[in-house]
Amino acid sequence: MLKVAMIGCGGIGYYHLGHLKQYGDIIELVGMCDIISEKAEEYAEEVGCKAYTDYKAMLDDAKPEAVFICVPPDCHGEIENDLIDRNIPFFVEKPLALDIALAKQIEKRILEKNLITAVGFQCRYDSLAEHVKAFAEKNTVPFIDCTRFGGVPEQEWWKVKERSGGQLVEQTVHQLDYIRYAFGEPDTVFSMAARGYVTDIEGFDTDDLSATVVRFENGTLATIATGCYAKSGDCFDSKFIFSAPDKRGEMHLLSKFEIFGEVEQEKEDGFLISGDGGMGGASDEGTVIQNSVDAGLVCDRTFLEAVISGDGSKIRSPYSDGLKSVAFGLACNKSMETGLPVKISEFLK
Ligand SMILES: NC(=O)c1ccc[n+]([C@@H]2O[C@H](COP(=O)([O-])OP(=O)(O)OC[C@H]3O[C@@H](n4cnc5c(N)ncnc54)[C@H](O)[C@@H]3O)[C@@H](O)[C@H]2O)c1
């Protein structure tokens, strides 16, 4: 049994705990750590292991063989370096750091040690990814439109851009990552942000919205709009449009991928249906492919199995790749600050 521990027993920690509890066939949970003792104790009690407030004490005492790092965006660095020192593979939540120099330093050490790592970009493991990738391969896609609008999460750190990275880096990085995964690497970004619409949240010190134009290395242009000022579910929105000359793909992350203009598709796993429930002809309503897997569950299992086998090749987002998605977002932040376009290759130097 692989000995697994967690650092950071908050919202996303609980999400992973729900997965890890189902994997008693391959792992043993040996420690839950949070600087707030009640949180660590609550999680540890739930799974019957030991609670810690100091992660170094947990590493020494519980001797985990794999660790889930679920701390806020501004709490990275020391934890990763301590795990690398001890050759412990880790799963780290996105955004894996807010300082690109720090992320690169960590990446260098991971590569030197050939350590297995994974980043919490679980959307890559949904059952839609292969269809979106196929759409990208089969079609010329001159333009992608991406939106994500919602409210302000309750975490105190989220409301301060210096601590969270802002919405684009903290939340919409899932969208940035998915576009990279299916369509390729961004070349240049130009972003603007606005404030003044969220007026009723104490301590709110981040952008209310941002709009970004991206040129990809393959020539595709994209717009990415994201906002956290939405107060009603009617204003919530999260989708991509992949625009090709003779068809259009519309994607709702972790939910469905609808292709307009494609006459026929092969049935796969019984999940491919046209708008009226029949097979084949797609017209106004498109051909709908529903997501059929719990992507987070698969994502966590893939990491654990990789550590057990020593083969990280099935991990869809190792640290080095996750770093590129975060760099994409941080480059947008730089553009917002400077008012100038930012070339990703320059930003990563
Ligand atoms: N993959 C996803 O879909 C997804 C979803 C939500 C959050 N996240 C990411 O997960 C991270 C955490 O988010 P959250 O919502 O769980 O935050 P949270 O504030 O609910 O939980 C973070 C916990 O980490 C603890 N912590 C901080 N420093 C620590 C340290 N040195 N040692 C031990 N514990 C420490 C805090 O006390 C807190 O309990 C963020 O980076 C966020 O972006 C990812």
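Note that this is a predicted model, so its numbers are computed, not measured.

**As for the domain arrangement of the chain**
Then, number 1: The domains assigned to the chain are domain 1 (2–122 + 297–316) and domain 2 (124–293 + 330–338).
Then, number 2: Using only C-alpha atoms to locate each centre, domain 1 and domain 2 end up separated by 27 Å.
Then, number 3: At the interface, 17 residues of domain 1 touch 17 residues of domain 2.
Then, number 4: Summed over both sides, the interface between domain 1 and domain 2 buries roughly 1600 Å², with carbon and sulfur atoms accounting for 60% of that surface.
Then, number 5: Joining domain 1 to domain 2, the criterion identifies 2 salt bridges.
Then, number 6: Note that R163 and D74 form a salt bridge whose closest N and O atoms lie 2.8 Å from each other.

**Notes on a negative patch on the surface**
Then, number 1: Together, E38, E41, E42 and E45 line one region of the surface with negative charge.
Then, number 2: The topology assignment puts E41 in helix α2 (residues 37–47).

**Side note on the site of the ligand**
Then, number 1: Near the ligand, the surroundings consist of 25 residues, among which I12, D34, K39, W157 and E170 are the closest.
Then, number 2: I35 is positioned with one of its backbone polar atoms (N or O) 3.5 Å from a nitrogen atom of the ligand.
Then, number 3: In the environment of the ligand, a nitrogen atom lies 3.1 Å from a nitrogen or oxygen atom belonging to the backbone of G120.
Then, number 4: Surface burial for the ligand is 86%, taken as the share of its 850 Å² of free accessible area covered by protein chains.
Then, number 5: Counting atoms within 2 Å of the grid points, the majority share of the ligand lands in the largest pocket.
Then, number 6: In terms of residue class, the shell around the ligand is built from 13 nonpolar, 7 polar and 5 charged.
Then, number 7: Residues lining the shell around the ligand come from more than one domain, with at least three contributed by each of domain 1 (2–122 + 297–316) and domain 2 (124–293 + 330–338).

**Here we look at the nonpolar core**
Then, number 1: With 70 residues, the main nonpolar core has F90 and F242 as its most contacted residues.
Then, number 2: Of the residues forming this core, the biggest block, 9 residues, is contributed by helix α11 (residues 319–338).
Then, number 3: Formed by 29 residues, the second largest nonpolar core is a distinct cluster that contains V4, L20, A44 and F91.

**Remarks on the packing of helix α1 (residues 11–20) against α2**
Then, number 1: One can describe the packing of α1 onto α2 by two numbers: an axis separation of 12 Å at closest approach and a directional angle of 5 degrees. When the axes of α1 and α2 are compared, the pair comes out roughly parallel. Taking contact as the criterion, the partners of G11, G13, Y14 and L17 in α1 are, on α2, Y43, E46 and V47.
Then, number 2: Grouping the amino acids of the contact of α1 with α2 by side-chain chemistry returns 4 nonpolar, 2 polar and 1 charged.

**Structural notes on the pattern of salt bridges**
Then, number 1: Scanning the entire structure with this criterion turns up 25 salt bridges.
Then, number 2: Between D25 and R301 there is a salt bridge; the shortest N-O distance is 3.0 Å. Of this pair, D25 sits in the loop between α1 and β2 (27–33) while R301 is found in helix α10 (residues 295–309), placing the two residues 276 residues apart along the sequence.
Then, number 3: Put simply, K56 and D82 hold a salt bridge, and the shortest N to O gap is 3.6 Å. Here K56, found in helix α3 (residues 55–62), pairs with D82, found in helix α4 (residues 78–85); they are 26 residues apart in sequence, far enough to count as distant.
Then, number 4: Overall, K56 belongs to the partly exposed group, its relative accessible area being 31%.

**Notes on α1**
Side chains three or four residues apart in an α-helix point the same way, a direct result of the helix having 3.6 residues per turn.
Then, number 1: Those residues of α1 not exposed but buried are G13, H16, L17, H19 and L20. Along the long axis of α1, the arc covered by the buried residues comes to 160 degrees, so they all point the same way.
Then, number 2: Those residues of α1 hidden inside the fold are in contact with β1 (2–7), β2, α2, β4 (66–69), β5 (90–92) and α10.

The rules behind these values
- Residues numbered from 1 in each chain as written.
- Predicted model: local features only at pLDDT ≥ 70, side-chain atom pairs only at ≥ 80, totals over all residues.
- Heavy atoms only, no water.
- Domains from an automatic or database assignment.
- Contact = heavy atoms within 4.5 Å.
- Buried area = accessible area lost by both parts, 1.4 Å probe.
- Salt bridge = Lys/Arg side-chain N within 4 Å of Asp/Glu carboxyl O.
- Patch = residues over 30% accessible without salt bridge, like charges linked within 9 Å, V, L, I, M, F, W, Y side chains within 5 Å.
- Areas by Shrake-Rupley, 256 points an atom, 1.4 Å probe, with all protein chains shown as cover.
- Lys, Arg positive; Asp, Glu negative; His and termini not counted.
- Charge placed at Lys NZ, Arg CZ, Asp CG, Glu CD.
- Helix = DSSP H or I, 4+ residues; strand = E, 2+ residues; numbered from the N terminus.
- Near = heavy atom within 4 Å.
- Polar contact = N/O pair within 3.5 Å; in protein donor to acceptor, adjacent residues only side chain to side chain.
- 1 Å grid on protein atoms, 1.4 Å probe; cavity = no way out; pocket = protein on both sides within 12 Å on 5 of 7 lines; lining within 4 Å.
- Sits in = over half its atoms within 2 Å of the grid points.
- Nonpolar A, V, L, I, M, F, W, Y, C, P; charged D, E, K, R; others polar.
- Core = buried A, V, L, I, M, F, W, Y, C linked by side-chain atoms within 4.5 Å.
- Buried < 20%, exposed > 50% of the residue type's maximum accessible area, 1.4 Å probe, protein only.
- Axes fitted to C-alpha atoms, helices over the stretch in contact; angles between N-to-C directions.
- Parallel < 35°, antiparallel > 145°, perpendicular 65-115°, else oblique.
- Arc of directions from axis to C-beta.

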